[in-house]
Amino acid sequence: MVSLRQLRYLEALARTRHFGQAAKECAVSQPALSMQIKELEDELRLNLVERRKSGIGLTDKGAEVASRARTILASVQDLVDYAKGQEGVLTGILKLGAIPSIAPYLLPAALPALQRRFPGLSLQLRETVTETLVRELVCADLDVILVALPIDDPDVETHFLFDDPFILAIQATPENAELDSATQDMLAGDRLLLLEEGHCLRDQALSYCQLMTPDVRESFGASSLATIVQMVANGYGITLLPEMATSIEVHRSDGIRLLRFSPPEPKREIGLAWRKSSPRKSEFLQLGALLRQGGAPKTASARPPR
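Residues numbered from 1 in each chain as written. Predicted model: local features only at pLDDT ≥ 70, side-chain atom pairs only at ≥ 80, totals over all residues. Heavy atoms only, no water.

Visitor: Just give me the short version of the overall build of the protein chain, but keep the residues and values in it.
Guide: Each helix and strand in the protein chain was counted, giving eleven helices and eleven strands. Here the protein chain, with 306 residues, has 46% of them falling under the buried criterion. For the protein chain, the share of sequence-separated contacts (at least 6 apart) that also reach a separation of at least 24 residues comes to 74%. Carbon and sulfur atoms form 50% of the exposed surface of the protein chain, whose accessible area is close to 15,600 Å². (Helix = DSSP H or I, 4+ residues; strand = E, 2+ residues; numbered from the N terminus. Buried < 20%, exposed > 50% of the residue type's maximum accessible area, 1.4 Å probe, protein only. Contact = heavy atoms within 4.5 Å. Areas by Shrake-Rupley, 256 points an atom, 1.4 Å probe, with all protein chains shown as cover.)

Spelled out as structure tokens, the structure:
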């Protein structure tokens, strides 16, 4: 009989494309994992894995079985979550994912309040880019994620929390001291510093700057907002900062001037996302209410959740 263990091993192998890494993730030896994959192939009478000198790959049937395995494993996790949910609201382990342009600015202030309100909750935090978070959410490696919306996945449900406006950050110079507000034209007149490829914040900023030339679109990319702010402070360019990050990042530097755009301001939508099949929706909505209360920028739109 096909076992959940075999499906977990196949899912890990399909994701890592490496027997050693998959075995490490599953906390088993590589021979044990290989044996279970072979037994799964024998049980299904299918060749699932192609073993090559350059590494491994999945056959077409193997990719299909791995995809179905992810769905089964996610359903099993939802079953476990349902059972645990009978013990009380927001108790036990909650695996929360968040993108790097939100996590350090929203969670440190919100998590203490969360622990006081739900003392039986054990929070596990994962911080990485949106694409990885969505993949791990669908595979049930995460329970809920805190991201910039929208999320385009048929298996995922989202919940709007608040708007986070973009603020133009420029070097504090005598020439800039008399500027009162930012305009889109200012973005084309200087080097735009953004996060590296893979960060949704970069894509959102470029979307707002849709009239910019291709060479500006291929501008500098950094791994953190802290690096970008220091680059701006030292005259290497300008950037768009999410408002929630300004109080922390700009506080670290005296060489930054912030300019707000005239309405309608460019902004991103902050929200939670979870699997549509998850039985913990009511818990996630309570989590969202707490995050909205403690994390929305003071100037953020107060429109109702959707």
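From this point on, the discussion continues.
Visitor: Go over the packing of helix α1 (residues 4-16) against helix α3 (residues 30-44) with me, naming the residues and quoting the values.
Guide: The contact between α1 and α3 brings their axes to 9 Å, and the two run at 110°. The angle between the axes of α1 and α3 places the two elements in the roughly perpendicular class. Two secondary-structure elements touch here, α1 through R5, Q6, Y9, L10 and L13 and α3 through L33, Q36, I37, E39 and L40. Here the residues of the contact of α1 with α3 sort into six nonpolar, two polar and two charged. (Axes fitted to C-alpha atoms, helices over the stretch in contact; angles between N-to-C directions. Parallel < 35°, antiparallel > 145°, perpendicular 65-115°, else oblique. Nonpolar A, V, L, I, M, F, W, Y, C, P; charged D, E, K, R; others polar.)

Visitor: Break down α1 for me, citing the residues and quoting the values.
Guide: Here α1 is 13 residues long and its end C-alpha atoms lie 18 Å apart, about the 18 Å a rise of 1.5 Å per residue gives. Burial in α1 covers these residues: Q6, L7, Y9, L10, E11, A12, L13, A14 and T16. Looking one or two places after α1, you find R17, whose phi comes out positive at around 55°. (Expected span 1.5 Å × (residues − 1).)

Visitor: Explain the environment of E64 to me, using residue names and the numbers behind them.
Guide: Positionally, E64 belongs in helix α4 (residues 60-85). Taking C-alpha positions, E64 is 9.1 Å from L48, a pair spaced 16 residues apart along the chain.

Visitor: Describe the packing of aromatic side chains, and please don't skip the residues or the numbers.
Guide: Overall, the coordinates contain one aromatic pair when judged by the stated rule. Relative to F284, the ring of W274 has its centre 5.4 Å away and its plane inclined at 40°; by these criteria the two rings are tilted. Note that W274 is positioned in strand β11 (residues 267-275) and F284 in helix α11 (residues 281-295), a separation of ten residues in sequence. Residue W274 is classed as buried on the basis of its relative accessible area of 1%. (Phe/Tyr/Trp six-rings, centres within 6.5 Å; stacked < 30°, edge-to-face > 60°.)

Visitor: Summarise the pattern of salt bridges; cite the residues concerned and give the values.
Guide: For side chains of opposite charge, pairing can occur when their charged atoms come near one another. Here the structure, examined in full by the defined rule, presents 15 salt bridges. The residue E64 makes a salt bridge to R68 at a minimum N-O spacing of 2.8 Å. Placement of both E64 and R68 in helix α4 is noted, with a separation of four residues, approximately one turn of the helix. By relative accessible area, which is 39% here, E64 ends up partly exposed. Looking at R68, the relative accessible area reads 55%, which means it is exposed. Here R260 ties to E265 by a salt bridge, and the two come within 2.8 Å at their closest N and O atoms. Take R260: its relative accessible area is 32%, and that puts it in the partly exposed class. According to the relative accessible area criterion, E265 is partly exposed, its value standing at 25%. (Salt bridge = Lys/Arg side-chain N within 4 Å of Asp/Glu carboxyl O.)

Visitor: So what about the nonpolar core? Which residues, and what values?
Guide: With 68 residues, the main nonpolar core has L146 and L168 as its most contacted residues. In contact with L168, not counting residues within four places along its chain, are A182, M186, L187, I238, T239, L240, R257, L258, L259 and F261. The next biggest cluster of nonpolar side chains, apart from the first, holds 17 residues, and it includes A14, L40, L48 and I56. (Core = buried A, V, L, I, M, F, W, Y, C linked by side-chain atoms within 4.5 Å.)

Visitor: Requested: an account of the side chain of D143, with residues and values cited.
Guide: Locating D143 in the fold gives a position in the loop between α6 (130-138) and β5 (144-149). For D143, a relative accessible area of 2% translates into the label buried. In this structure the side chain of D143 is engaged in a polar contact, spanning 2.7 Å, whose partner is the backbone nitrogen of K95. Beyond its immediate chain neighbours, meaning those up to four positions away, D143 contacts D81, I93, L94, K95, L137, W274, R275, R280 and F284. (Polar contact = N/O pair within 3.5 Å; in protein donor to acceptor, adjacent residues only side chain to side chain.)

Visitor: Got a sec to walk through the pairing of strand β3 (residues 92-98)? Specific residues and values, please.
Guide: Among the seven residues of β3, five are classified as buried, and the element is accordingly described as predominantly covered. Two elements, β3 and strand β4 (residues 121-127), share seven bridges in a ladder whose sense is parallel. Across the sheet, residue L94 finds its bridge partner in β4, namely L123. Tracing the backbone out of β3, into helix α5 (residues 103-117) and back to the parallel element β4 gives a crossover that is right-handed. In terms of strand pairing, β3 meets β5 through three bridges, oriented parallel. Pairing of L96 across the sheet is with V144, part of β5. (Pairing = 2+ DSSP bridges. Right-handed = clockwise from strand over helix to strand, strands pointing away.)

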